[in-house]
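# What the coordinates show
Spelled out from the first residue to the last, the chains are:
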Amino acid sequence: MGRTGCLLLFSAMLCGCVSTSAIDDQQAIAIASKTCAATWAKTLQKEGGAWQVGPSEWHARLDGSSWKVWTGDEASPVLLMRVPRSGRSSTACDLRFVD
């Protein structure tokens, strides 16, 4: 194999290592659900409450390079998290307190 062939093969292998597959809406919801439960559920339990957010309460919409994942109404969500299309998890789960 010539130098050009080796370079093309190496480039193809490198591209495969760098790229990450995009996640779908159900994977984004699973990540948000897990992350929000890990943060807010512990807080609620310390206060004597219970975490009662089921998988069917989540919604997801692709918004640029991330999934917008929320519970409640999209315009005023109760829980909101942005999950990158790469699936890398974030620890930021926003909770809107309702009076």
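Residues numbered from 1 in each chain as written. Predicted model: local features only at pLDDT ≥ 70, side-chain atom pairs only at ≥ 80, totals over all residues. Heavy atoms only, no water.

Time to look at the overall build of the chain. Each helix and strand counted, the chain has 2 helices and 4 strands in total. Reading the helices (α) and strands (β) of the chain from amino to carboxyl end gives α-α-β-β-β-β. The burial tally for the chain puts 22% of its 99 residues in the buried class. Of the contacts made within the chain by residues no fewer than 6 positions apart, 39% connect residues no fewer than 24 positions apart. (Helix = DSSP H or I, 4+ residues; strand = E, 2+ residues; numbered from the N terminus. Buried < 20%, exposed > 50% of the residue type's maximum accessible area, 1.4 Å probe, protein only. Contact = heavy atoms within 4.5 Å.)

This part is about the pairing of strand S3 (residues 77-84). Here 6 bridges tie strand S2 (residues 66-72) to S3, and the two strands are oriented antiparallel to one another. Looking at S3, one finds that Lys 68 is bridged to Arg 82. Connecting S2 to the antiparallel partner S3 that follows it, the hairpin turn spans 4 residues. Relative to strand S4 (residues 94-95), S3 is paired through 2 bridges, and the arrangement is antiparallel. Paired with Leu 80 across the two strands is Asp 94, which belongs to S4. (Pairing = 2+ DSSP bridges.)

Checked against the element boundaries, Glu 74 lands in the loop between S2 and S3. For Glu 74 and Ala 60, which are 14 residues apart along the polypeptide, the C-alpha to C-alpha distance reads 9.4 Å. Apart from the residues lying within four places of it in its own chain, the contact partners of Glu 74 are Arg 61 and Lys 68. Within the local environment of Glu 74, its side chain forms a polar contact with the side chain of Arg 61, the two groups lying 2.6 Å apart. (Polar contact = N/O pair within 3.5 Å; in protein donor to acceptor, adjacent residues only side chain to side chain.)

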